[in-house]
Amino acid sequence: MSTERLIAGDSLRLQFEEMHNQLAAPNFGSSRSFRQYCGDGAFIFEELPKATIISVYRPDTGDTSPMLLSYTIEFQYKQFKWQLVKKASQVLYLHFALKKRAFVEEFQGKQEQVKEWLQSLGIVDQVAVVQDDDEPDDGAIPLHNEGSVRNRYVPSIAALSILRPAIGRQESACEQAKVAMQGYLNHFLGNMDIVNSREVCKFLEVSKLSFLQEYGPKLKEGYVLAKHVSRAADNTEVRCGLCELLNCCNNKWTKVWAVLKPGFLALLEDPFDSKLLDMVVFDVLPTPNDDGKSRALLADQIRERNPLRYAFRVSCGNRNIKLRVSSSSRVKEWVGVINDATSKAPEGWCYPQRFGSFAPTRGLTEDGSQAQWFIDGKAAFEAIALAIENAKSEIFITGWWLCPDLYLRRPFQSHPSSRLDALLEAKAKQGVQIYILLYKEVSIALKINSLYSRKRLLSIHPNVRVMRYPDHFSTGIYSWSHHEKLVIVDYQICFIGGLDLCFGRYDTVEHRVGDCPPHIWPGKDYYNPRESEPNSWEESMKDELHRERYPRMPWHDVHCALWGPPCHDVARHFVQRWNHAKRNKAPNEKAIPLLMPHHHMVIPHYMGSREINIESKEGEENEKNMSRQNSFSSRSPLEDVPLLLPQEAGGLVVPNGEPNSNIFEIKHAFLDRPTRDSETFSFMFWNSKVEYSAPDTEINGIEDDLDFMDPNLGALSSEDELLETAENDDDSCGGGGEYGQVGPRTACQCQVIRSVSQWSAGASQTEESIHKAYCSLIYKAEHFIYIENQFFISGLSGDEIIQNRVLEALYNRILQAHKEEKGFRVIVVIPLLPGFQGGVDDAGAATVRAIMHWQYRTISREKTSILHKLNVLLGPKTQDYISFYGLRSYGRLFDHGPVATSQVYVHSKLMIIDDRITLLGSSNINDRSLLGSRDSEIGIVIEDKEFLESSMNGETWEAGKFSYSLRCSLWSEHLGLDPGEISLIGDPILEDTYKKLWQATAEANTRIYQDVFACIPNDLTHSRAQLRQNTAFWKEKLNHTTIDLGMAPERLETFENGESKTMDPIEKLKSIKGHLVFFPLEFMCQEDLRPVFNESEFYASPQVFH
């Protein structure tokens, strides 16, 4: 007779009832003891869960045993719902396990009483305490603390009802079994101590990770056996050197608790433990092949040699985890739920999104997706400093170059605590966990000294973790770099764009060339890579350049802040890169933890059914404990609201989420304008009044506090939104117009795009979504494209050397506009010269010349250039469609000192389409940045949702608030517009704007700079011989000049009406407006600028330069 039938029989039923009468009620230990064992002072369940029997299933209708019944049970805890299929035998096993635990704990409790009595008699040392030899198979340690057994009473008779439905017809028996099981579940789910016992939590398949809303909804969990489990969380395992070399001891299978979330699979030592052993962060899987086969799956079953072993594999990118379970049905269950949760379009992370990106488009509903732009380093660094100061939990930073000695606020003497290392140290001491990922350069090629940065950062505090990547020898990566520039604070706000936190990047719209004595740019922050690159960055306060003889190189850049789901997508990218670097650099280093991505990255807000509704709770308890010694989070749901950063300090945001009017208030010192040194103005976020609700519902009432635009004038209508800007004087040129350096914080549609591959992020396949986004957006442009970029190297169709097709997209779009006889403009702003050391004719400047070659090959020379192709078809009309520009600035090096000029180095990576769409990030327009398999990059496509009335080619046009304000601010700076002149640039393709203002300003400025400085590059110098002749002439005349002929004579000779006159060069320069100049298309046009055989660059792959 089967065991089930014996249990179902009357005799066993009587024995079961007798056992109930004999056994004491279970004592599962006090709450205090349980919480102490769990380690963080909290139950898994903070309130009682609920269970509902959905259905009852009997596989064999001929067998009336109730032990064969299977129950589909739906559990609900707060907003989390999950279903389990349990057999009646499993429920009874749970009951006996609870009884066993109660018996053991009561016995041990009585042992303690006997021990105390014997101790009072002085014979305690002779008493041996009996231990429980039959320890539970999950490794649980029995708890034996005094407590009322009546408070933890689960009557055995409650379980008997599960057996009794065996009597009667099948239908009635199943229905009775459903009622009986519901009643039994209500017994043990009605007691907080019981539901938090190990037995019940294991039965319910829950862990400390299950209900942390930052990791998304609860999916599947359970014990599995894992092979090759990383010992990152516990490096106590000792292995001999031979075993390490031969990998012969790596066949051990470890029992772990697997937790499946929509964005990752995590392996924990125990459901009650926070040690993360290993994990797989899900990423886009390869797309289907042309042969029609199905796409790659994340999980698949493994055929074991031993038929009694059941295993499956989870593979993503370079991650491959092999797992075993107890049966074939469990394998199918795990494989099915993993593939279903991760690959279903468009919810799963394994499904490619628009442009082939890993991230979906956010903001399709009011999900809190917001963006705000910053122009130049001053505005961006101020915002980053404030965000770091208000960090509560964790900070992620990655960059191509990072300087710990960088001051984020200026004047630096007035803000000593704003130095980056000081800011990070203050937060680390408060318990904020800081993770910094640096690019490990090839030291003989670059002088950014990431080793010094790493050592300096690690010396700050143990809460600062730093890694450099890649290791060039082990990875074979020598030519490519990590080029992203990211700061992410508390998963609430992130900063993305072209600015590294390093020397030379801080600047204002005035783009000053001098700072003597040092007031704004201390030591090596007074930076001009065209003149000199420091050999060491350790003595950061020591000048590298002679300030009275050489100008700094002004730096123009664009940065952006993101809130809401796009911020989480950016953080997910960082987590993926961090974990990939850890596995390659520090797999056994305990101080370097694996990270887990948060839930806004896991489930798009607007996807509906898979969403969880998280209620906000008070965060006081969590604020007391900001330490994150592991990658688990216990932050309050309130802190997860993406619209409320910063949340406190300085009256920035009040608890109810209504922000104050100003976030940044700083003193602005105009160095060359003594009368305005104390002028005060505000950097501010355009705040939104937001009523936050559940993720799957809309956020009500998003509206600006301020009226942003006057539709008639196209200008800012609120005085609170104006950033005061300096007027030009005789010592410098500047501009900025009414928009200033900080834009409105607006609700937008945002999509994160990137360039990554296996080497850079451990990706399953190469992602070039930035490249695809550029080409797609260009093709769809209706009227206007504005581009700012550090490089412009691209190829037309058929180009076998340059592989990115941004140029082809521009070419085809212009031809389409010409065919349709519609107005269309493409404006490109790039550096006048590459920002590398050495004069164009210097022997050691082959890199400078090589980059110039590839850019001119793209723009105007050879049959591969866009201007050559368009001129063949369109002739002189080509300039009506596309034109190229640079930026230049001038000023005195010190009071009454010489007048110097320098190019404003365009480092922004920006494209604005039709004043409605903006693409910005870290990616240059070249193969290195766009192909995905080379440099790693990240960017954001921002599509406006809030519009204002404007015009395009004289016709009414709804311009986007974000894109329009950004373009107008940039143009105001470049053109040197005064307040009130914004309306002049409202229509970017109108003849009056494009030719009579934009091109006319560039032409006038270019001519004046040529008359005063004869600076290079220029359209009059066609060969290296001419360049040498001009350089020799000016050096002899001035006795000193810069590498690009940037010094003006003390007196400027002019000819007027046939008469020679002399004048102060400043008088001539006063006519310059802004910084815009033409890009010199004819410069060195008679030279082949490629490296020659006696230059080391000749032997490097050309791919390095493009």
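Anything mentioned here points back to the structure above.
Numbering of residues begins from 1 in every chain and follows the order in which that chain's sequence is written. For a predicted model such as this one, the threshold for reporting local features is a pLDDT of at least 70, and the threshold for listing and counting side-chain atom pairs is 80 or more; totals across whole chains, interfaces and linings nevertheless cover every residue. Working from all heavy atoms in the structure, the side-chain values ignore hydrogens and water.

Undergrad: Just checking my understanding: could you explain the sheet that holds strand S3 (residues 80-87) for this structure?
TA: Within a sheet, each strand pairs with its neighbour through backbone hydrogen bonds, oriented either parallel or antiparallel. The strand order across the open sheet built from three strands is S1-S2-S3, with neighbouring strands paired in antiparallel fashion. The outermost strands of the open sheet, each flanked by one partner alone, are strand S1 (50-57) and S3. For this sheet the average axis-to-axis angle between neighbouring strands, irrespective of direction, equals 20 degrees. Here eight bridges tie strand S2 (residues 70-77) to S3, and the two strands are oriented antiparallel to one another. When the sheet's bridge partners are listed, Thr 72 is paired in S3 with Val 85. When DSSP finds two or more bridges between a pair of strands, those strands are recorded as paired. Elements are defined by DSSP. Helices are runs of H or I of four residues or more, strands are runs of E of two residues or more, and each kind is numbered from the N terminus. Working convention: axes come from line fits to C-alpha atoms, limited for helices to the stretch in contact. Angles between N-to-C directions cover 0 to 180 degrees.

Undergrad: Which parts of the structure should I look at to understand the side chain of Ser 207?
TA: Its place among the elements puts Ser 207 in the loop between helix H8 (198-204) and strand S4 (221-227). The criterion used for residue contact is that any of the two residues' heavy atoms lie within 4.5 Å. With sequence-adjacent residues up to four places away left out, Ser 207 is seen in contact with Ile 44, Glu 221, Trp 257, Val 259, Leu 268 and Pro 271.

Undergrad: Quick question: what am I supposed to make of helix H19 (residues 769-780) here?
TA: Quick reminder: α-helices carry 3.6 residues per turn. Residues three or four places apart thus point the same way. Expected helix span is given by 1.5 Å per residue-to-residue step, counting one fewer step than there are residues. With 12 residues, H19 extends 16 Å between its outermost C-alpha atoms, agreeing within 8% with the 16 Å of an ideal straight helix rising 1.5 Å per residue. Residue burial is assigned from relative accessible area. The probe radius is 1.4 Å, only protein chains are included, and a residue is buried under 20% of its type maximum, exposed over 50%, and partly exposed in between. Along H19, nine of the 12 residues are buried, which leaves the element largely enclosed by surrounding structure. When we look at burial in H19, the residues that qualify are Ser 769, Ile 770, His 771, Ala 773, Tyr 774, Cys 775, Ser 776, Leu 777 and Ile 778.

Undergrad: Can you walk me through helix H15 (residues 565-585) in this structure?
TA: Its 21 residues place the ends of H15 30 Å apart at the C-alpha level, agreeing with the 30 Å of an ideal helix rising 1.5 Å per residue. Burial runs high along H15: 18 of the 21 residues are buried.

Undergrad: I tried to follow the pattern of salt bridges on my own but got confused; where do I start?
TA: If charged atoms from side chains of opposite charge come close, those side chains can pair. Think of a salt bridge as a Lys or Arg side-chain nitrogen and an Asp or Glu carboxyl oxygen that are within 4 Å of each other. Under the definition given, this model contains 46 salt bridges. Asp 525 serves as the salt-bridge partner of Arg 410, at 2.7 Å between the closest nitrogen and oxygen. Placement of the pair is Arg 410 in the loop between strand S12 (394-399) and helix H12 (420-429) and Asp 525 in the loop between strand S16 (493-497) and strand S17 (555-556), with a sequence separation of 115 residues. What makes Asp 525 buried here is its relative accessible area of 1%. Two residues, Arg 456 and Asp 421, come together in a salt bridge whose shortest N-O distance is 2.7 Å. In this pair, Arg 456 sits in helix H13 (residues 450-458) while Asp 421 sits in helix H12, placing the two residues 35 residues apart along the sequence. On the basis of relative accessible area, Arg 456 is assigned to the partly exposed category, the value being 25%. Taken together, the shared-partner salt bridges in this structure form one network comprising Lys 86, Glu 205, Lys 220 and Glu 333.

Undergrad: Is there a simple way to explain the sheet that holds S4 in this structure?
TA: The seven strands lie next to each other as S7-S6-S5-S4-S10-S9-S8, forming an open sheet whose pairing is antiparallel. Two strands bound the open sheet, and with one partner strand each, they are strand S7 (276-281) and strand S8 (299-302). When strand polarity is set aside, the average angle formed by the axes of neighbouring strands in this sheet is 35 degrees. As paired elements, S4 and strand S5 (residues 253-261) share seven bridges and run antiparallel to each other. Looking across to S5, one finds that Val 224 is bridged to Val 256. Relative to S7, H15 is tilted by about 125 degrees, and along the sheet it contacts S7 and strand S10 (319-325).

Undergrad: What am I meant to see in the packing of helix H20 (residues 806-820) against helix H22 (residues 866-874) here?
TA: Relative placement of two packed helices is described by the angle separating their axes and the distance separating the axes. Packing of H20 against H22 brings their axes to within 11 Å, and their N-to-C directions diverge by 20 degrees. In this view, H20 runs roughly parallel relative to H22, as classed from their interaxial angle. For the crossing formed where H20 meets H22, the hand is right-handed. Residues Leu 807, Leu 810, Tyr 811, Ile 814, Leu 815 and His 818 of H20 form the contact with H22, whose own contacting residues are Ile 866, Lys 869, Leu 870, Leu 873 and Leu 874. When residue character is reported, Ala, Val, Leu, Ile, Met, Phe, Trp, Tyr, Cys and Pro are called nonpolar, Asp, Glu, Lys and Arg charged, and the others, Gly included, polar. Of the residues contributing to the contact of H20 with H22, the split by class is nine nonpolar, one polar and one charged. We call two directions roughly parallel when the angle between them is under 35 degrees, roughly antiparallel when it is over 145, roughly perpendicular when it lies between 65 and 115, and oblique otherwise. Left-handed describes a crossing whose near helix is turned anticlockwise from the far helix through less than a right angle; right-handed describes the clockwise counterpart.

Undergrad: Is there a simple way to explain unusual backbone geometry in this structure?
TA: In most cases, non-glycine residues show a negative phi, while peptide bonds are predominantly trans. Cis geometry is adopted by the peptide bond preceding Pro 411, which originates at Arg 410 and carries an omega value of 0 degrees. Relative to the helices and strands, Pro 411 resides in the loop between S12 and H12. Put simply, Cys 516 and Pro 517 share a cis peptide bond, and its omega is 0 degrees. Within the secondary structure layout, Pro 517 lies in the loop between S16 and S17. The phi dihedral of Lys 78 falls on the positive side, at around 55 degrees, and the residue is not glycine. Secondary-structure assignment places Lys 78 in the loop between S2 and S3. One non-glycine residue, Leu 1045, lies in the positive phi region at around 55 degrees. Among the secondary structure elements, Leu 1045 is positioned in the loop between helix H27 (1024-1038) and strand S35 (1052-1056).

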